[in-house]
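Secondary and tertiary structure notes
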Amino acid sequence: MNVEPPPPPKRAKGFFTDTSLCIGCKACEVACKQWNQLPADGFKMTGNSYDNTGTLGATTWRHVQFIEQAKANGSRQDQRWLMMSDVCKHCANAACLEACPTGALIRTEYGTVYVQQDICNGCGFCVPACPFGVIDRAPKHGQFEAGTAHKCTLCYDRLKDDLTPACAKSCPTASIQFGDVEELQERARRRLGELRARGETKAELYGMPEGKEAAEVGPLHAFFLLLDKPQTYNLPEVPRLPRKTMAERYGWSAAVGAGFALVAALVFGGRR
Ligand code: SF4
Ligand code: SF4
């Protein structure tokens, strides 16, 4: 059999999303859908500010969140609007890839995580494994084969041609920055210093090698500068890898089973 060798590794590529620059225009969502030929989500009023997309999904690989914040004292001057373009994090230790039994999910030569559509059998193991709720199975009657898993490819096809991913290319404010991960990390640290010096005391980076969120999933190839706690943006404070929580969960199951056995012994044993 003639097996093609894997391409040689290249410098790791990724996204630095600086949410302090996002204006919520959704050009990134549209460019992603256009380049990847993903169907529209339909125009729905979610009742959640200007967010009519709702969530990342099989046919939505970028999602711009709108978070309206008001201070408890009700002061109009203290109100603010946080916006953040969310995406697959292309984790260094990717739970989706670990859970995939067919080898459909692979690490590319750019260090990103990619789903090979011709190998995915639609088992869906990757979906609950992802600690960020990113990867999703295609709807039954969509353009994709029913049930197969989909997510951001970091525009793998564009990377092969030395092109910038469509979302970063279209972002008018450079909120989404694309490049070599190590350079982007340095840029992010400098930007955080600038913002803190300007009084943005709650600003923090999410997904950096030194962050506590990298403890299990490793540094994220798509990382963020946030203006508030990760939970505000629906990001887990410390994302967990399923394989790391298995011992804990088996322990709980054993404890609950032992508890039931004890109760049964007390109830039925006492009737004799
Ligand atoms: S964010 Fe989820 S889907 Fe993306 S690489 Fe990490 S585990 Fe996989
Ligand atoms: S294109 Fe840039 S500014 Fe517009 S919503 Fe996306 S990240 Fe924000």
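Parameters and conventions
- Residues numbered from 1 in each chain as written.
- Chains lettered and ligands numbered in written order.
- Predicted model: local features only at pLDDT ≥ 70, side-chain atom pairs only at ≥ 80, totals over all residues.
- Heavy atoms only, no water.
- Helix = DSSP H or I, 4+ residues; strand = E, 2+ residues; numbered from the N terminus.
- Buried < 20%, exposed > 50% of the residue type's maximum accessible area, 1.4 Å probe, protein only.
- Contact = heavy atoms within 4.5 Å.
- Areas by Shrake-Rupley, 256 points an atom, 1.4 Å probe, with all protein chains shown as cover.
- Core = buried A, V, L, I, M, F, W, Y, C linked by side-chain atoms within 4.5 Å.
- Domains from an automatic or database assignment.
- Buried area = accessible area lost by both parts, 1.4 Å probe.
- Salt bridge = Lys/Arg side-chain N within 4 Å of Asp/Glu carboxyl O.
- Polar contact = N/O pair within 3.5 Å; in protein donor to acceptor, adjacent residues only side chain to side chain.
- Nonpolar A, V, L, I, M, F, W, Y, C, P; charged D, E, K, R; others polar.
- Pairing = 2+ DSSP bridges.
- Axes fitted to C-alpha atoms, helices over the stretch in contact; angles between N-to-C directions.

Remarks on the overall build of the protein
- If you tally the helices and strands in the protein, you get 8 helices and 10 strands.
- On the principal axes, the C-alpha backbone points of the protein span a range of 80 × 70 × 40 Å.
- Per-residue burial for the protein yields a buried fraction of 44% across its 272 residues.
- Of the contacts made within the protein by residues no fewer than 6 positions apart, 62% connect residues no fewer than 24 positions apart.
- Carbon together with sulfur atoms contributes 55% to the accessible area of the protein, which is approximately 15100 Å² in total.

Brief notes about the nonpolar core
- Counting 64 residues, the largest nonpolar core has F15, L105, F132, I135, L225 and Y233 as its most contacted members.
- Filtering out sequence-adjacent residues up to four positions away, L105 remains in contact with C96, L97, C100, V113, Y114, V115, C126, I135 and K151.

Re the domain arrangement of the protein
- Splitting the protein by domain gives domain 1 (13-240) and domain 2 (241-272).
- Taking only C-alpha atoms into account, the centre of domain 1 sits 39 Å from that of domain 2.
- Between domain 1 and domain 2, the contact holds 8 residues from the first and 6 residues from the second.
- Across the domain 1/domain 2 interface, buried area totals approximately 570 Å², and carbon plus sulfur atoms make up 54% of it.
- By the criterion of area lost to domain 2, the three top residues of domain 1 are E98, E216 and R240, representing 78% of everything that side buries.
- The interface formed by domain 1 and domain 2 contains 1 salt bridge.
- The tally of links between domain 1 and domain 2 comes to 2 residue pairs in polar contact (both at pLDDT 80 or more).
- If you list the elements that add at least two residues to the side of domain 1 that touches domain 2, you get α2 (95-99) and α7 (214-217).
- Within the side of domain 1 that touches domain 2, the residues separate by chemical class into 4 nonpolar, 1 polar and 3 charged.

Points about the pattern of salt bridges
- The tally for this structure, following the rule as stated, stands at 16 salt bridges.
- Where K160 meets E109, a salt bridge forms, and the shortest distance between an N and an O atom there is 3.1 Å. Of this pair, K160 sits in helix α4 (residues 156-160) while E109 sits in the loop between β4 (105-107) and β5 (113-115); the two residues are 51 residues apart in sequence, bridging distant segments of the chain.
- Judged by its relative accessible area of 7%, E109 falls in the buried class.
- Two residues, E194 and R191, come together in a salt bridge whose shortest N-O distance is 3.4 Å. Taken together, the positions of E194 and R191, both in helix α6 (residues 181-197) and 3 residues apart, correspond to about one turn of that helix.
- Through salt bridges with shared partners, a single ionic network connects R11, K13, D180 and E183.

Details of the pairing of strand β10 (residues 222-226)
- Within β10, 5 of the 5 residues are buried, which leaves it mostly tucked inside the rest of the structure.
- Both faces of β10 are covered, namely the face carrying A222, F224 and L226 and the face carrying F223 and L225.
- Examined bridge by bridge, strand β1 (residues 13-18) and β10 share 4 bridges and lie parallel to one another. Across the sheet, residue D18 finds its bridge partner in β10, namely L225.
- Sheet topology places strand β9 (residues 204-206) next to β10; 3 bridges connect them, and they run antiparallel.

Details of the sheet that holds β10
- The 4 strands lie next to each other as β8-β1-β10-β9, forming an open sheet whose pairing is mixed. Two strands in the sheet have a free side with no partner beyond their single neighbour: β8 (176-180) and β9. Sheet twist, expressed as the average angle between the axes of neighbouring strands with direction ignored, equals 20°.
- Together, β1, β8, β9 and β10 form the strand contacts of α6, whose direction differs from that of β8 by roughly 140°.

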